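# Fold and geometry: a report
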Amino acid sequence: HRRHEPLARITRTVNDRSGAMSSSKRKASVLEKTLNKYRSGQKAASKIMTAAARDRAALDARSDAQYERMKRAAEKEKAEREAALAEMEMPVEPVKIVATNMLAKQKHAIDTLFKQRRAMSNDDLRVFLGFDCNVGDLFESLKAHDKVEYDEETKMFRYKAKHDVMCKEDVLELVNATPDGLAIDEIADAYVKAVEDAVALAEEDGSVILLTNTETKKKVLFRKQPEYEVEVNGEFVASFHEVEIPEHDVDFDKALRREGIEPTPRPVYDLGPQPELVKAKKKRAVNFERMNVTNAHMPELFKAAQVDRLDG
């Protein structure tokens, strides 16, 4: 038994060392995995920070561009407003021709109110027109006209547009309150830049949708409806564009009817009068039998070959 004690101690020592070595290997393996996770997380964080910095730079660039556009638009609007005020403050030219007909006077008065776009007294109108607007049938016709607003208290005339809008924001509010669409022609007389602002709302700001009526050719503004705006899958878009559309209208209508869809009637455009084709008149052969000719007893003179010269 004593002989085997050194051997047992050696065996225990070897086992202890091998266990310590395996334990250290396990610790090293766990540490290496932890380091790898840290490195991968660090790389992912670096990518996220790079993408965020790129997005922030792009956002700053867009913000700067938008600020410059707004600044230029404000400066342009200010310059136009100052030009309009300067034009209104210019001395009024004396009236050269004074209307005498009542309807002509009414038209001149309404046109003056439309151009001035401000409240005007009878004295103001007399400077432009050369006659009084607050007397007789003319006064009653102006007060009853749907394009004229008359204040009984201040005794002032003002042009009355169909819609009471004075700026782009008013136009946007009116479009959003009109679900069936607002024709630009309806606000054209509201203020000087009404049409420009309406088009800018659609083309520059993207706040509304501008469409053209295929029948009347009038431009119509429609409000945007976010509840109907959806993101379309790219695969669906590709499939949509892969569908072959017949080139000719007749074939397209037939394809629709095959699918049970009745095509919408196409508008017929008036291209004006068609040019008349001049047809060449055919020369009719001479029928000598129906003609009263001299020397009818000698028809061979006319049926034979004729001479083309008389000088021999």
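Look up: the structure comes first, before these words.
What comes next concerns the included structure. (Residues numbered from 1 in each chain as written. Predicted model: local features only at pLDDT ≥ 70, side-chain atom pairs only at ≥ 80, totals over all residues. Heavy atoms only, no water.)

Another point: the nonpolar core. Within soluble globular proteins, side chains that are nonpolar tend to cluster in buried spots. Ranked by internal contacts, the top residues of the largest apolar core, which has 31 residues, are Cys133, Leu142, Phe157 and Val171. The set of elements that each furnish at least two residues to this core consists of α2 (102–116), α3 (122–129), α4 (136–144), β1 (148–151), β2 (156–159), α5 (168–176) and α6 (194–203). Of the residues forming this core, the biggest block, 4 residues, is contributed by α6. Residues in contact with Cys133, not counting those within four places in the same chain, are Ala109, Asn122, Leu125, Leu138, Phe139, Leu142 and Phe157. (Core = buried A, V, L, I, M, F, W, Y, C linked by side-chain atoms within 4.5 Å. Buried < 20%, exposed > 50% of the residue type's maximum accessible area, 1.4 Å probe, protein only. Helix = DSSP H or I, 4+ residues; strand = E, 2+ residues; numbered from the N terminus. Contact = heavy atoms within 4.5 Å.)

Packing of α2 against α4 leaves a shortest axis separation of 10 Å and a crossing angle of 45 degrees. Accordingly, the angle class assigned to the pair α2 and α4 is oblique. Considering how the two elements wind past one another, α2 and α4 form a crossing that is right-handed. Each of Met102, Lys105, Gln106, Ala109 and Ile110 in α2 lies in contact with α4, whose residues at this interface are Asp137, Leu138, Ser141 and Leu142. Looking at side-chain class alone, the contact of α2 with α4 contains 5 nonpolar, 2 polar and 2 charged residues. (Axes fitted to C-alpha atoms, helices over the stretch in contact; angles between N-to-C directions. Parallel < 35°, antiparallel > 145°, perpendicular 65-115°, else oblique. Left-handed = near helix turned anticlockwise from the far one by under 90°. Nonpolar A, V, L, I, M, F, W, Y, C, P; charged D, E, K, R; others polar.)

What follows deals with the environment of Asp124. Structurally, Asp124 is set in helix α3. Along the primary structure Asp124 and Phe157 are separated by 33 residues, whereas in three dimensions their C-alpha atoms are 9.6 Å apart.

Next up on the list: the packing of aromatic side chains. Applying the stated criterion across every chain yields a total of 4 aromatic pairs. Ring plane angle 85 degrees and centroid distance 5.2 Å describe the contact between Phe139 and Tyr150, whose orientation is recorded as edge-to-face. Pair noted here: Phe139 is in helix α4 and Tyr150 is in strand β1, with a separation of 11 residues, a long-range link. Overall, the relative accessible area of 13% leaves Phe139 in the buried class. Take Tyr150: its relative accessible area is 17%, and that puts it in the buried class. Ring geometry for Phe139 versus Phe157: centroids 6.2 Å apart, planes at 80 degrees, classification edge-to-face. Separated by 18 residues along the polypeptide, Phe139 in helix α4 and Phe157 in strand β2 bring together distant segments of the chain. (Phe/Tyr/Trp six-rings, centres within 6.5 Å; stacked < 30°, edge-to-face > 60°.)

A separate point is a negative patch on the surface. Taken together, Glu149, Asp151, Glu153 and Asp164 make up a surface patch of like negative charges. Note that Glu153 resides in the loop between β1 and β2. (Patch = residues over 30% accessible without salt bridge, like charges linked within 9 Å, V, L, I, M, F, W, Y side chains within 5 Å. Areas by Shrake-Rupley, 256 points an atom, 1.4 Å probe, with all protein chains shown as cover. Salt bridge = Lys/Arg side-chain N within 4 Å of Asp/Glu carboxyl O. Lys, Arg positive; Asp, Glu negative; His and termini not counted. Charge placed at Lys NZ, Arg CZ, Asp CG, Glu CD.)

Let's shift gears to the pairing of β2. Only one face of β2 is covered, namely the face carrying Phe157 and Tyr159; the face carrying Met156 and Arg158 is uncovered. With antiparallel pairing between neighbouring strands as the criterion, β1 and β2 make up a hairpin whose turn holds 4 residues, including Lys155 at a positive phi of roughly 60 degrees. (Pairing = 2+ DSSP bridges.)

As for its placement among the helices and strands, Glu169 is situated in helix α5. Expressed as a C-alpha distance, the spacing of Glu169 and Asp197, which sit 28 residues apart in the sequence, is 9.0 Å.

From the geometry alone we can't say anything about function, so treat these as descriptive.
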